[in-house]
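Take a look at the letters that make up each chain.
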Amino acid sequence: MRTPNRLLLALTFLALAAACLPAVRAVAEEEDAAKELIGRMAELRDLEDTSGLMEALGQAPDIYKSTENSGLRSKLRREMGKVLKDRKLGDARVAAVEALVQIDEAKGAWKEISKAMPSPKVEEATALDLALVRAAGQLAQSRAIAVLFDLVANAANPRIQKAAAEALGGYREDRRNRVKVLEELVALGRRLRPGIAPDK
């Protein structure tokens, strides 16, 4: 007796659904983990629980990379940015910088880090200031070049100035931005040595 077409199609569909079920569950678990971490970090921020935040931030890069949900990634990135900008959170702010660098999404990470970069007017360099400058070099985004050159040329604190100069080395693997950095270096050299006339 031949199996009716509809029954065969139904059996095929059920077999496919069963095969896909583990992957669907894995995606749901990854998204649940991201949601839980976002909520926990917000709660820890409200409590000003620095140690708890540092532990959560240590988990953030892996959880971020494990989910492909762009909305959840954006929320988690912004939550890390909120920790970074909160002056009451001490060492957790440095941990937030490190976590943002480790998410392997340079453009999004720079968006958060750029909001906290030190001013050239800063006289006392903090661990956070130096971590931010180093992160700018690690992320090597084109929009960070002008910020780093401003620090090299104008930073009041020599440690920040040195860190910014070293951070520019992060562009050596980026062909497009490497040219831009070299052009800025030449221009900076001419500004710092007034005896050399600039190009017209």
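Cut-off values and rules
- Residues numbered from 1 in each chain as written.
- Predicted model: local features only at pLDDT ≥ 70, side-chain atom pairs only at ≥ 80, totals over all residues.
- Heavy atoms only, no water.
- Helix = DSSP H or I, 4+ residues; strand = E, 2+ residues; numbered from the N terminus.
- Buried < 20%, exposed > 50% of the residue type's maximum accessible area, 1.4 Å probe, protein only.
- Core = buried A, V, L, I, M, F, W, Y, C linked by side-chain atoms within 4.5 Å.
- Contact = heavy atoms within 4.5 Å.
- Axes fitted to C-alpha atoms, helices over the stretch in contact; angles between N-to-C directions.
- Parallel < 35°, antiparallel > 145°, perpendicular 65-115°, else oblique.
- Nonpolar A, V, L, I, M, F, W, Y, C, P; charged D, E, K, R; others polar.
- Salt bridge = Lys/Arg side-chain N within 4 Å of Asp/Glu carboxyl O.
- Left-handed = near helix turned anticlockwise from the far one by under 90°.
- Expected span 1.5 Å × (residues − 1).
- Patch = residues over 30% accessible without salt bridge, like charges linked within 9 Å, V, L, I, M, F, W, Y side chains within 5 Å.
- Areas by Shrake-Rupley, 256 points an atom, 1.4 Å probe, with all protein chains shown as cover.
- Lys, Arg positive; Asp, Glu negative; His and termini not counted.
- Charge placed at Lys NZ, Arg CZ, Asp CG, Glu CD.
- pLDDT = per-residue confidence, 0-100.

With respect to the element layout, serine 74 can be found in helix α3 (residues 70–85). For serine 74, a relative accessible area of 18% puts it in the buried group. Sequence separation between serine 74 and tyrosine 64 is 10 residues; the distance between their C-alpha atoms is 9.2 Å.

With that settled, consider the nonpolar core. One finds Met41, Met80, Leu84, Ile113, Met117, Val133 and Leu148 to be the most contacted residues of the largest nonpolar core, which totals 54 residues. Once you skip the residues sitting within four places of it in the chain, methionine 41 turns out to touch Leu53, Ala56, Leu57, Leu76, Glu79, Met80 and Val83.

This part is about the packing of helix α2 (residues 50–66) against helix α4 (residues 91–102). α4 packs onto α2 with a crossing angle of 5° between their chain directions and a minimal axis gap of 9 Å. Between α2 and α4, the angle falls in the class roughly parallel. Counting all contacts with α2, which are made through Thr50, Leu53, Met54, Leu57, Pro61 and Lys65, the residues of α4 involved are Asp91, Ala92, Ala95, Ala96, Ala99 and Gln102. When its residues are assigned to classes, the contact of α2 with α4 shows eight nonpolar, two polar and two charged.

Evaluation of the coordinates by the stated rule reveals eight salt bridges. A salt bridge links glutamate 79 to arginine 45; its shortest N-O distance comes to 2.4 Å. In this pair, glutamate 79 sits in helix α3 while arginine 45 sits in helix α1 (residues 5–47), placing the two residues 34 residues apart along the sequence. Note on accessibility: glutamate 79 and arginine 45 belong to one class, buried. Here glutamate 112 ties to lysine 115 by a salt bridge, and the two come within 3.7 Å at their closest N and O atoms. Given a relative accessible area of 4%, glutamate 112 falls into the buried group. With relative accessibility at 47%, the residue lysine 115 sits in the partly exposed group. Here the salt bridges do not stand alone but share partners, grouping Arg73, Arg77 and Glu105 into one network.

It is worth spelling out the packing of α3 against α4 at this point. For the pair α3 and α4, the least separation of the axes is 7 Å and the interaxial angle reads 145°. The element α3 and its partner α4 pack so that their crossing is left-handed. In this structure, α3 contributes Arg77, Met80, Val83, Leu84 and Lys85 to the contact, and α4 contributes Ala92, Arg93, Ala96, Val97, Ala99 and Leu100. When the residues that make up the contact of α3 with α4 are grouped by side-chain class, the tally is eight nonpolar, no polar and three charged.

Attention now moves to α3. An ideal rise of 1.5 Å per residue puts 22 Å on 16 residues; α3 measures up with 23 Å between its terminal C-alpha atoms. Of the positions making up α3, those classed as buried are Leu72, Ser74, Leu76, Arg77, Glu79, Met80, Gly81, Val83 and Leu84.

With that out of the way, let us pick up a positive patch on the surface. A cluster of basic residues, Lys35, Lys75, Arg78, Lys82, Lys85, Lys107, Lys111 and Arg143, forms a positive patch at the surface. Contributing elements (two or more residues each) for the positive patch: α3 and α5 (106–113). Looking at the positive patch element by element, the count peaks at four residues for α3. One can find lysine 107 in helix α5.

Bringing the confidence of the model for the protein into the picture now. Any residue range with low pLDDT should be treated as having predicted coordinates unsuitable for detailed reading. Mean pLDDT for the protein: 85, with 75% of residues reaching 70 or above. Per-residue pLDDT, averaged within each element of the protein, yields its smallest value for helix α9 (residues 175–192) (63) and its largest for α4 (97).

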